[in-house]
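Descriptive structure summary
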Amino acid sequence: MLDRFLIAFWTVMVFGSIAWYGYLLFHVGIKGGWDIARMIRVLSGQGGENQSPGPKGQ
Amino acid sequence: MFFAAIDFTLAPIDWIIIVVYLIGCVAAGVWMRRYVRNVDDFAVAGREMDLNLGVASLAATEVGIVTVMYTAENGFKNGLAGATPGLLACIMMLIVGMTGFVIVPMRNAGVMTIPELFEKRFGKHVRWLAGVVVILGGVLNMGIFLRLGGDFLMFVAGLDPAAKFHIDLAGVSFNLGMIEAMMTGLLLLVLLYTVLGGMLSVLITDYLQFLVMGAGLVVTSVLVIWNVGWSNLIDGLWQAHTSGVKLLDTSIPGTTTEVTMAHPFNPIAAFGWGWVTWQAMTSIAIVTTWQTTIARVLAARNADTAKSIYRRTSFYYVGRFGLPGIWGIGAFLYFWHQGGLPEGMGSLTAMPAFLHTILGPGLLGLVIAAMLAAEMSTDSGYLLTWATVIYNDIISPCLRKPLSPRAKLLTVRLMVLLIGVFLVFYGLWYQLPGAAWDYLAVTGNIYLASLFTLLVAALYWPGAHSWGAVAAIVLGAIGPVTFLIVNAIVEKQNQISPEIAGWSAFGLAFAGMIVGSLVGRTVSKGRSAGTTTS
């Protein structure tokens, strides 16, 4: 009885993990890209606000 | 010999995937160098990391080839029960993400490393001592990454891990091992972008690595289940356990170790209460004090973002152990039905050799790129974290005059390089005394037990005293260090079990903190009373 429960439990965990990884791949993949764009904008802007030299090449 | 039987060919499409990935990743990392102006940008990305980038970075850093290797080994030896540490880590991440336990006060303190927090509470000497212990545990822990990563890549590509090649340089001949050369080259690429761009490069490359690695993990797991069949996998595990199947591990020359399948579904039957409770304790300590995890908390925009990162990443930990565990189970069943492990193969290397048999052109390239991604993201994150601790908590407190921002940056970059050099030498010759996960957990415990005790006491126990802090650090390191030394010397039957070493570390650290604080406070009161009287 316990073994049957544990098999069902691990089955849910394994297939749930595959689904969760697949979901994260798309969700975090898209939104993480936006986060990077925002972070780079802020880091570029800091240079101007602080009157310090901007990123090399700018 | 197994390797002679393998038709080793990486198809052009495999090479294209691998080369495009490597060039793209290194180029993106090096490009971020332009945004680094000071140590804050270099070490914590100017504290501008947002939620989804944090999830990607944490997930990428926490899954390296070494993770895939030891979690697959757990599956190979213990079936689905081998994923228990991942389940426990998931529960602990969720609890911390919901309550903010430790991480909220830590993020609000505005520190760059954990030992820095200790200076505010216990004084400079505790910060320095904690920094030393963090480095000792962290760098030893990282020491086996390259070797295991190299083993994986060689076996999955169907190459002989003992293969050597010959080069002549200015009339001097060298015989170089393929693994050593390959992993040194990979480490040089990682060093290139980590030294130049610090956390900013790490975040960007982690993001790319998260995408490649995630795709590789999902595709490979589906493929393994497709090949073996889920009901065959469950039935096979049960049969292997009940019939006492023995596979012979001959990975260490001159020794043969029997590998049997423990109870494949029940963690208590497979490992015992001592191991499971130690893992639960280690998990809560890891998610609150492991510097590479905490680095994402400290780089988060605010405490709420840090909590969200924990909640969103929690279930990821189940798959971190569960999915490569399935690959290990597939390897066990495959080699069992093949009549046993080939000569020179063991519980760690069976999984990549098994994957080589089921992956076709294109998929092999994807999996190799995914595992390169996993290795690079972990190495870069760890290199940066430990280098920051060395500068921030070991060098900086000893300086009479603060370094200029330029000298600070140069020092941290130099530390990254030095750790890289250490890894090449230590990482490529160290022979594991037992299971990879146990080695990692025990070396991690050198600092996990003491720092967890210090952190909880510093944040939640007003009576904690610096004497208790010093006692906790020293006593907490004794158990794991004894484990490493004794197990390297004595015969297998006399070796210390990892759960005893691990629990003793926590027990001694707690006892040290309580007793040391009580004694320290009594002495302090006595001194102040004496001063008042006189």
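Residues numbered from 1 in each chain as written. Chains lettered and ligands numbered in written order. Predicted model: local features only at pLDDT ≥ 70, side-chain atom pairs only at ≥ 80, totals over all residues. Heavy atoms only, no water.

**So, the overall build of chain A**
Helix and strand content of chain A: 1 helix and 0 strands. By the burial criterion, 36% of the 58 residues in chain A qualify as buried. When the accessible surface of chain A is split by element, carbon and sulfur atoms take 69% of a total near 3500 Å². (Helix = DSSP H or I, 4+ residues; strand = E, 2+ residues; numbered from the N terminus. Buried < 20%, exposed > 50% of the residue type's maximum accessible area, 1.4 Å probe, protein only. Areas by Shrake-Rupley, 256 points an atom, 1.4 Å probe, with all protein chains shown as cover.)

**Points about the interface of chain A and chain B**
Listed by partner, the interface residues are 39 residues for chain A and 49 residues for chain B. Carbon and sulfur atoms make up 72% of the area that chain A and chain B hide from each other, which totals about 3900 Å². The interface formed by chain A and chain B includes 0 salt bridges. Tallied by class, the residues present in the side of chain A that touches chain B amount to 21 nonpolar, 13 polar and 5 charged. (Contact = heavy atoms within 4.5 Å. Buried area = accessible area lost by both parts, 1.4 Å probe. Salt bridge = Lys/Arg side-chain N within 4 Å of Asp/Glu carboxyl O. Nonpolar A, V, L, I, M, F, W, Y, C, P; charged D, E, K, R; others polar.)

**With respect to the nonpolar core**
Core analysis: the biggest nonpolar cluster contains 203 residues, and Leu80, Phe118, Phe152, Ile326, Leu355 and Trp386 of chain B have the highest contact counts within it. For this core, the element with the highest residue contribution is helix H11 (residues 178-228) of chain B, accounting for 22 residues. If sequence neighbours within four positions are ignored, Ile326 of chain B has contacts with Val14 of chain A together with Leu80, Val224, Ile225, Trp230 and Leu233 of chain B. (Core = buried A, V, L, I, M, F, W, Y, C linked by side-chain atoms within 4.5 Å.)

**Observations concerning the pairing of strand E1 (residues 164-169) of chain B**
All names here are of chain B. Of all 6 residues that make up E1, 0 are buried, and the element is exposed over most of its length. Where E1 lies against strand E2 (residues 172-177), 6 bridges are found, and the strand directions are antiparallel. Paired with Lys164 across the strands is Gly177, a residue of E2. Connecting the antiparallel pair E1 and E2 is a turn made up of 2 residues, with Ala170 showing a positive phi of about 50°. (Pairing = 2+ DSSP bridges.)

**A few points about the pattern of salt bridges**
Residue and element names in this part refer to chain B. Summed over the entire model, instances satisfying the criterion amount to 3 salt bridges over all chains. Among the ionic pairs, Lys77 bridges to Glu73, the shortest N-O distance being 3.6 Å. Of the two residues, Lys77 and Glu73 are both situated in helix H5 (residues 65-78); the distance of 4 residues between them amounts to about one turn of the helix. The class for Glu73 is buried, based on a relative accessible area of 5%. Glu119 is the partner of Arg127 in a salt bridge, and the nearest nitrogen-oxygen pair spans 2.4 Å. Through salt bridges with shared partners, a single network forms among Glu119, Arg127 and Asp393.

**Here we look at the confidence of the model for chain A**
Per-residue confidence for chain A gives a mean pLDDT of 76; residues scoring 70 or more make up 78%. Per-residue pLDDT stays below 50 along residues 47-58 of chain A; that stretch engages in 12 contacts with residues further than four places along the chain or on separate chains. (pLDDT = per-residue confidence, 0-100.)

**Some thoughts on the environment of Val228 of chain B**
Mapped onto the elements of the fold, Val228 of chain B is located in helix H11. Separated by 102 residues in the primary sequence, Val228 of chain B and Gly330 of chain B have C-alpha atoms spaced 6.7 Å apart.

**Quick word on helix H14 (residues 273-289) of chain B**
Taking 1.5 Å as the rise per residue, H14 of chain B with 17 residues should run 24 Å; its terminal C-alpha atoms sit 24 Å apart, in good agreement. For H14 of chain B, a buried count of 13 out of 17 residues is recorded, marking the element as mostly surrounded by other parts of the structure. (Expected span 1.5 Å × (residues − 1).)

**Some details on the packing of helix H4 (residues 51-61) of chain B against H11 of chain B**
Residues and elements named next belong to chain B. Remark: H4 packs on H11, axes separated minimally by 8 Å, with the N-to-C direction vectors making an angle of 70°. Viewed along their axes, H4 and H11 adopt a mutual orientation that is roughly perpendicular. Between H4 and H11, the residues in contact are Leu53, Ala56, Ser57, Ala59, Ala60 and Thr61 and Leu203, Asp206, Tyr207, Phe210 and Met213, respectively. Considered class by class, the residues forming the contact of H4 with H11 number 8 nonpolar, 2 polar and 1 charged. (Axes fitted to C-alpha atoms, helices over the stretch in contact; angles between N-to-C directions. Parallel < 35°, antiparallel > 145°, perpendicular 65-115°, else oblique.)

**Overview of the packing of H5 of chain B against helix H10 (residues 145-156) of chain B**
Residues and elements named next belong to chain B. At a minimum axis distance of 8 Å, the contact between H5 and H10 shows a crossing angle of 75°. Judged by the angle between their axes, H5 and H10 are roughly perpendicular. From H5, Ile65, Val66, Val68 and Met69 reach across to H10, where they touch Phe145, Leu148, Gly149, Asp151, Phe152 and Leu153. Taken together, the residues of the contact of H5 with H10 break down into 8 nonpolar, 1 polar and 1 charged.

**Considerations on a nonpolar patch on the surface**
Residue and element names in this part refer to chain B. The grouping of Trp467, Ile514, Val515, Leu518 and Val519 at the surface amounts to a nonpolar patch, some 440 Å² of accessible area in total. Per-element tally for the nonpolar patch: the top contributor is helix H23 (residues 498-533), with 4 residues. Looking at the element boundaries, Leu518 is found in helix H23. You can call Leu518 partly exposed: its relative accessible area is 45%. (Patch = residues over 30% accessible without salt bridge, like charges linked within 9 Å, V, L, I, M, F, W, Y side chains within 5 Å.)

**A word on the side chain of Asn78 of chain B**
Examined against the element boundaries, Asn78 of chain B turns out to sit in helix H5. Look past the residues within four positions of Asn78 of chain B in its chain and what remains in contact with it is Met261, Ala262, His263, Pro264 and Phe271 of chain B.

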